[in-house]
Amino acid sequence: MSRANSKRLHFGGYIDRTQSLKFKFNGRDYVGFQGDTLASALMANGVNVLSRSFKYHRPRGVQNRGYADVTSLVQIAGKNESPNVLASVQPLYEGLEAFSVNCWPSVSFDIGSIFGAFSPILPAGFYYKTFMWPNWHLFEPLIRRAAGFGKAPSQAPAGQFLNRFDYCDILVIGAGPAGLLAALTAAKSGARTVIIDEMTQPGGSLLYSKTELEGQLAIDWIARTVDELKSMDHATCLWNSTAWGYQEGNMVCVSERDPKPAELIGRNWKIWAKQVILATGAIERPIVFENNDVPGVMLCSAVMEAIQTYGVVPGKKAVLFTNNSSAYDILPYLQVAGIELAAIVDTRSDVELDTVIGTDDSNVEVLQGASIQLVIRAGRRVRGVVVHAQDSSGKEKVGKIECDLVCVSGGWNPSVHLFSQSRGTLRYDDNIASFVPDQAIQATLCAGAITGEMSLAGSLKSAVQIGSKALSRIGIEAAPISIPEVTNGDHTNYQVDAFWSSTAGHKRVKAFVDFAGDVTVFDLKLAIQEGFDEIEHLKRYTTTGMGLDQGKTANVNAIGIIAFHLDCHPSEVGTTTFRPPYTPVEFGSIAGSQAGDVVLPYRHTPMTHWHKEYGAVMYEAGARWRRPGYYLKEGESMNEAINRECYAVRNHVGIYDGSPLGKFIIRGKDTEKLLNLIYTNSFNGLKPGQGKYGLMLNEEGLIFDDGVTFRIDDDQYLLSCSTGGAPAVERKVDKLINVECPELKVIITPVTSQWANATVCGPLARQMLQSTESDIDWSREALPFMHVVEGIIAGMPVRVFRVSFTGELSFEINTPSRYGLKLWRYLIEVGQNWDICPVGSEANHVLRVEKGFLSLAHEVDGTVDPIDLGHGWIVSRKKKDFIGKRSMEIRRQNQPVRQELVGLLPKDSKQLISEGAPIAPANKQELSDGFVSACVWSGVLERTIALGVLTDGRSRFGETVLAWEQGEPLPLEVTRPIFYDAEGIRLRM
Amino acid sequence: MLLIHCPWCGVRAESEFRCTGQVKPPRSEFVHKSDEAWLEYLYQADNRRGILEEYWCHEKGCGQWFKLRRDTTTHEIMDGDTDS
Ligand SMILES: [Zn+2]
């Protein structure tokens, strides 16, 4: 054994002394053993301070066991960097590198500890009282840096996370004695059983106990039971796995760490169980006294575990402080480890010493009716305690005892978190001075110490009973099972004094209730004085039981102390509701494989590769579709590219990929009725081959979507809608025909990705298409505006729609997706003679602004109706009903002043204005008059043009208004919202 | 997460479904009533504590709609009903 392990026994513990593991902590090299946790290895090396506390930056060491040891917070470095890891549960491995958190600049010299020196400024609710608007920005940088728990990893983890779903008959949570026996009962009876435990080894409290079952150490029984469970195919054992959330439907979320195979970092399970058995045990409770956080103050269970499991000696001379009988279990451990016991301080005054102390220890002084008031510290370690006691005549006396270890037991808190999460109710049990499960709401049963049963024999008996009960509830007969006999070391007469705190909580006394959140008795007292006398308010105001602790150690003491100050019984204070997660869970574990590109995959048109090769800068067009924004030629700027593309469409011919546009086939005898219901205008009498533009409103009478619908033949219609709006339109229409108007005999089928679309547009578009190999008559007479025709181009089946979103002569050519790229290439090739130019969505945007066409998410922002946007002409006056009609009429009953669509011409013709810039009068900045919805450079007009909505806009043409940009007023002239070909001659050519 | 019994597919996870809220009478019964009655129909929901009848759509499954009675306090699901 290396000299470095100076606090390690030469014998005992479940560690492998032949396997040394090198690791680093805060940059220094240490050696531990296989089987160590990071915390046990550090203790073995004499490292006292693992972290700095959250608020006051006080040094903190190991205090508790496992996931309750919230003060052992560290950051793991390396390839799977992780913040907020508890050293007490982190298995040691070769090369592990960890750092303390909340330490800036270092664990020994901590600038944050000035908060300790000035601590009167950090009382309960300090953050609420001080860091408020408008001065928060002054404090924020300092507080953010000093108060963060660890640092978010800078790189993605090297491995992978996965999710898994599972269904079982009986889920047992906790693999201590009760959980193992309950699981064995279930599995042996043939039930599909899952048992989980948060620690790497099953066994719970038996792992560090000297208790004997059937004449052997309890861990032998654990090993046999686990072997038996694992031998059954219908039983699943998950260790190193935390049940962190108990949700509705009897579903439990479980975070499994380091599962196999090795590439996995974690796996999050969602397990639906017919019956859940909670065997989560109990967590030892601290006692509150001044400086109860100084390294060297540890719970008895943590000391016992250090000695028994890891062979670590956490001190030389100890004082035992307890309010209950279980603490006396520690005496043989101290003896084995050679730790001198200076005194036992017991708050109870009626301890029957013979029954708790063996004859060997008769020389130990037991102070009854006594309490530790204060820990004296030297540097960052316990040096002694100040004890209040009564002498035999009942006289108060105060004494000082030297020691470097304080072993504390304040009783046991059943781990009721999951029971509470399941919405089960809790009840205060005077026998154990803590809360136990009361009424279950879901199919939940509890076995063992969670019920307040503190004897091992009792727990084992209840495990078999509860296991059988769970089985009978789901109709499985319980197989006979033998309950192992506890032959030595059981705790049959647990007795506890409801003693929470030895301090009344004076202002300068640092007596901690919640170690993770640095909440003191004074904080609770102050909050009560300020009127927060309800537990849910007290929790939030003081942060007690919030954060890392999640009530594991803090809650019951807090409730006891609050009850004391309110002069009531703890049951009257009640508990707060426990919420997930029980312990911190990595986001990656919840996300599983649903991360990065696959969370919301992009959708690509068949022509995507061509676009990219041609220099397209890809944009998202809505609904995750990718589409070219513009095509960049060498040496060209973005604006030059857009101008070039616009010029092509206005002067010869352009082509764009319109595949993402939302498309639906509607069939059925009531199609016309449906169209009349969802659009504001009439769709009566549309003949095959004809199309019509429509505006769709929501039931509130505001514009929801727009698009063109063609009647393809007698039977089917093709409805198109905006790219981004397609999913919403589908959901809306689907609900309408299935739920709201089930009498409509209509079927709607989304076909957006079934069709690729190449739109050829520009004054020479017809000439160009006439030179394709095609059976289509492209003439105006045969294929007029707003008509559709089916035909063949170069052997490919197509549908050609005469629609225009650019204001130019335009042919939207649809072909089944598999021909998309071929058709596109063919059209580009034929188009060479007309200097065809591929155009992207930026150019499309400029062209539509020139024409004053509406765009969703620009002018159509969810607050406008058709009349606002100058589309009153499309609202049928004859139809009795369409969706939105009634609400629009109600809104317009008294001729309200509305914001209306207008054109805007910046006075400075080169000035571009940001979309969304508010329009407001010069002297009344507080009242916005409208906003600029789009502003572009128009090549044909050789100036900037804009659209916007403006209060009573249509009566204000010719007026000058101000758009505000960065506090600067920019004058604009109000005009009609159309800048090019107002008569619409070009698109009807 | 709730387990929901789709009348066509059987028991599936809640994440496959979409809930569109309480079952209301058809709009045709209200669209021509008084302004107050129409607006009440449009905007008011019971938000009931207890058993609520809702429309659910098995969107990521068979795509069918059905009615479901669910207790909003316990999340207990009573039944799935296909005649919508
Ligand atoms: Zn289904």
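Scoring rules and cut-offs
- Residues numbered from 1 in each chain as written.
- Chains lettered and ligands numbered in written order.
- Predicted model: local features only at pLDDT ≥ 70, side-chain atom pairs only at ≥ 80, totals over all residues.
- Heavy atoms only, no water.
- Helix = DSSP H or I, 4+ residues; strand = E, 2+ residues; numbered from the N terminus.
- Areas by Shrake-Rupley, 256 points an atom, 1.4 Å probe, with all protein chains shown as cover.
- 1 Å grid on protein atoms, 1.4 Å probe; cavity = no way out; pocket = protein on both sides within 12 Å on 5 of 7 lines; lining within 4 Å.
- Points joined across faces, edges and corners; volume = space filled by probe spheres on them.
- Nonpolar A, V, L, I, M, F, W, Y, C, P; charged D, E, K, R; others polar.
- Domains from an automatic or database assignment.
- Axes fitted to C-alpha atoms, helices over the stretch in contact; angles between N-to-C directions.
- Left-handed = near helix turned anticlockwise from the far one by under 90°.
- Contact = heavy atoms within 4.5 Å.
- Buried < 20%, exposed > 50% of the residue type's maximum accessible area, 1.4 Å probe, protein only.
- Pairing = 2+ DSSP bridges.
- Parallel < 35°, antiparallel > 145°, perpendicular 65-115°, else oblique.
- Polar contact = N/O pair within 3.5 Å; in protein donor to acceptor, adjacent residues only side chain to side chain.
- Donors = N, O, S within 2.8 Å, 3.2 Å for Na, K, Ca; no water.
- Tetrahedral: all angles 85-135°; square planar, octahedral: opposite > 155°, others 65-115°.
- Buried area = accessible area lost by both parts, 1.4 Å probe.
- Salt bridge = Lys/Arg side-chain N within 4 Å of Asp/Glu carboxyl O.
- Phe/Tyr/Trp six-rings, centres within 6.5 Å; stacked < 30°, edge-to-face > 60°.
- Core = buried A, V, L, I, M, F, W, Y, C linked by side-chain atoms within 4.5 Å.

Regarding its fold elements, chain B presents 1 helix and 6 strands. The secondary structure elements of chain B, listed N-terminal to C-terminal, are β-β-β-α-β-β-β. Here the C-alpha coordinates of chain B stretch approximately 40 × 25 × 20 Å along the principal axes. For chain B, the accessible surface area stands at approximately 4600 Å², while carbon and sulfur atoms represent 45% of it.

The subject of this paragraph is unusual backbone geometry. Residues and elements named next belong to chain A. Along the chain, K260 connects to P261 via a cis peptide bond; the corresponding omega equals 0°. By the secondary structure assignment, P261 is in the loop between β14 (251–257) and β15 (264–278). Omega for the peptide link from P580 to P581 comes to 0°, which places this bond in the cis form. Assignment of secondary structure puts P581 in the loop between α15 (570–573) and α16 (587–591). We note that R423 has phi near 75°; this positive angle belongs to a residue other than glycine.

The subject of this paragraph is empty space enclosed by the protein. All names here are of chain A. Per the counting criterion, the structure on display carries 7 cavities of 30 Å³ or more. It is strand β17 (residues 297–299) that contributes the most residues to the lining of the largest cavity, 3 residues altogether. Taken together, the residues of the lining of the largest cavity sort by class into 10 nonpolar, 4 polar and no charged. Looking at which domains feed residues into the lining of the largest cavity, each of domain 1 (3–146) and domain 3 (286–410) gives three or more. Its boundaries defined by the atoms lining it, the second largest cavity holds a volume of some 100 Å³. Taken together, 14 residues line the second largest cavity, and the ones lying closest to its centre are P414, V416, G551, V556 and F578. Of all the elements in the fold, those that place two or more residues in the lining of the second largest cavity are β25 (412–414), β27 (434–437) and α14 (555–566). With 3 residues, α14 is the single largest residue contributor to the lining of the second largest cavity. Classifying every residue of the lining of the second largest cavity by side-chain character gives 7 nonpolar, 6 polar and 1 charged. If you count residues domain by domain, the lining of the second largest cavity takes at least three from each of domain 2 (161–283 + 414–488) and domain 4 (500–583).

Residue and element names in this part refer to chain A. Where helix α5 (residues 177–188) contacts helix α11 (residues 456–473), the two axes come as close as 8 Å, and the packing angle between them is 35°. Helix-helix and strand crossings are classified by hand; for α5 and α11 the assignment is right-handed. For the pair α5 and α11, the contacting residues are P177, A178, L181, A182, T185 and A186 in the first and L456, S459, L460, A463, V464, G467, S468 and L471 in the second. Its residues assigned to classes, the contact of α5 with α11 shows 10 nonpolar, 4 polar and no charged.

It is worth spelling out the pairing of strand β49 (residues 960–965) of chain A at this point. Residues and elements named next belong to chain A. Within β49, 5 of the 6 residues are buried, which leaves the element mostly enclosed by the surrounding structure. The sheet contact formed by β49 and strand β50 (residues 968–975) spans 6 bridges and is antiparallel. Residue pairing in the sheet places A963 in a bridge with L970 of β50. Counting the residues in the hairpin turn of β49 and β50 gives 2 residues, including Q966, whose phi is positive at 50°.

Further remarks concern the packing of helix α12 (residues 521–529) of chain A against α14 of chain A. Residue and element names in this part refer to chain A. Packing of α12 against α14 brings their axes to within 10 Å, and their N-to-C directions diverge by 45°. Taken as axis vectors, α12 and α14 run oblique relative to one another. As α12 runs across α14, the sense of the crossing is right-handed. Facing V521, L524, K525 and I528 of α12, the residues of α14 in contact are A558, I561, I562, H565 and L566. Considered class by class, the residues forming the contact of α12 with α14 number 7 nonpolar, 1 polar and 1 charged.

Let us now look at the side chain of D657 of chain A. Residues and elements named next belong to chain A. Along the polypeptide, D657 turns up in strand β34 (residues 654–657). A distance of 2.6 Å separates the side chain of D657 from the side chain of T605, its partner in a polar contact. Only 2.8 Å separates the side chain of D657 from the side chain of H611, close enough to count as a polar contact.

Attention now goes to the coordination of the zinc ion. All names here are of chain B. Every protein donor of the zinc ion is listed here as C6 (SG), C9 (SG), H58 (ND1) and C62 (SG), and their distances to the metal cover 2.0 to 2.3 Å. Classification of the site at the zinc ion rests on its 4 donor atoms, whose angles at the metal span 105 to 117°, yielding the label tetrahedral. Ordering the donors of the zinc ion by residue number gives the pattern C-x2-C-x48-H-x3-C. Residue C6 is located in strand β1 (residues 3–6), and its partner C62 is located in the loop between β4 (51–57) and β5 (65–71); the two are separated by 56 residues in the primary sequence.

Our focus in this paragraph is the interface of chain B and chain A. In this complex, chain B contributes 28 residues to the contact, which on the side of chain A involves 26 residues. Interface area for chain B against chain A, summed over the two sides, is near 2300 Å², with a carbon-plus-sulfur share of 52%. Broken down residue by residue, the surface that chain B buries against chain A is led by M1, R27 and W65 of chain B, which jointly contribute 31%. Applying the counting rule to chain B against chain A returns 4 salt bridges. The salt bridge partner of R731 of chain A is E59 of chain B, with a shortest N-O separation of 2.8 Å. Broken down by secondary-structure element, the contributors of at least two residues to the side of chain B that touches chain A are β3 (18–22), α1 (35–43) and β4 of chain B. Broken down by element, the side of chain B that touches chain A gets its largest block of residues, 5 residues, from α1 of chain B. Of the residues contributing to the side of chain B that touches chain A, the split by class is 14 nonpolar, 8 polar and 6 charged.

Let us look at the packing of aromatic side chains. Residue and element names in this part refer to chain A. Under the counting rule described, the total for this entry stands at 22 aromatic pairs over all chains. A centroid spacing of 6.3 Å and a plane angle of 55° characterise the contact between Y56 and F512, whose relative ring orientation is tilted. Taken together, the residues Y56 in the loop between β3 (51–52) and β4 (59–60) and F512 in strand β30 (residues 512–514) connect sequence positions 456 residues apart. Both residues of the pair, Y56 and F512, count as buried. For the ring pair F512 and F515, a centre distance of 6.4 Å and an interplane angle of 35° mean the geometry is tilted. F515 carries the same exposure label as F512, and that label is buried. Every member of this aromatic cluster is reached through a ring pair, and the members are W610, Y614, Y631 and W824.

The subject of this paragraph is the nonpolar core. Residues and elements named next belong to chain A. L38, L171, I173, L278, L320, I330 and C407 are the most contacted members of the largest nonpolar core, which totals 101 residues. Here this core takes 7 residues from helix α7 (residues 300–310), the largest share from any one element. With residues up to four places along the chain from it excluded, the contact list for L278 reads I173, Y246, L418, F419, T444, L445, C446, A447 and I450. Of all hydrophobic cores here, the second largest spans 37 residues; its members include A182, I195, A218 and A447.

Overall, the coordinates contain 39 salt bridges over all chains when judged by the stated rule. For the salt bridge of D166 of chain A with R192 of chain A, the shortest nitrogen-to-oxygen distance reads 2.7 Å. Residue D166 of chain A is found in strand β8 (residues 160–173), and its partner R192 of chain A is found in the loop between α5 and β9 (193–196); the two are separated by 26 residues along the sequence. Its salt-bridge partner being D881 of chain A, residue R27 of chain B comes within 2.9 Å of it at the nearest N-O pair. In this pair, R27 of chain B sits in the loop between β3 and α1 while D881 of chain A sits in the loop between α23 (841–851) and α24 (885–891), so the two residues belong to two different chains. Residues R27 of chain B and D881 of chain A agree in their burial class; the two are buried. Here the residues in one salt-bridge network are R58, R60, D293 and D518 of chain A, joined through shared partners.

Residues and elements named next belong to chain A. Of all 9 residues in strand β48 (residues 943–951), 8 are buried, a share of seventy percent or more. Sheet topology note: the strand β45 (residues 899–906)/β48 ladder contains 6 bridges and is antiparallel. When the bridges of β48 are listed, L904 appears paired with A946. Where strand β47 (residues 930–938) meets β48, 8 bridges bridge the pair, whose relative direction is antiparallel. By the bridge assignment, A934 is partnered in β48 with L947. Taking the residues between adjacent antiparallel strands as the criterion, β47 and β48 are bridged by 4 residues, where E942 takes a positive phi near 50°.

These values are about where atoms sit, not about what they do.
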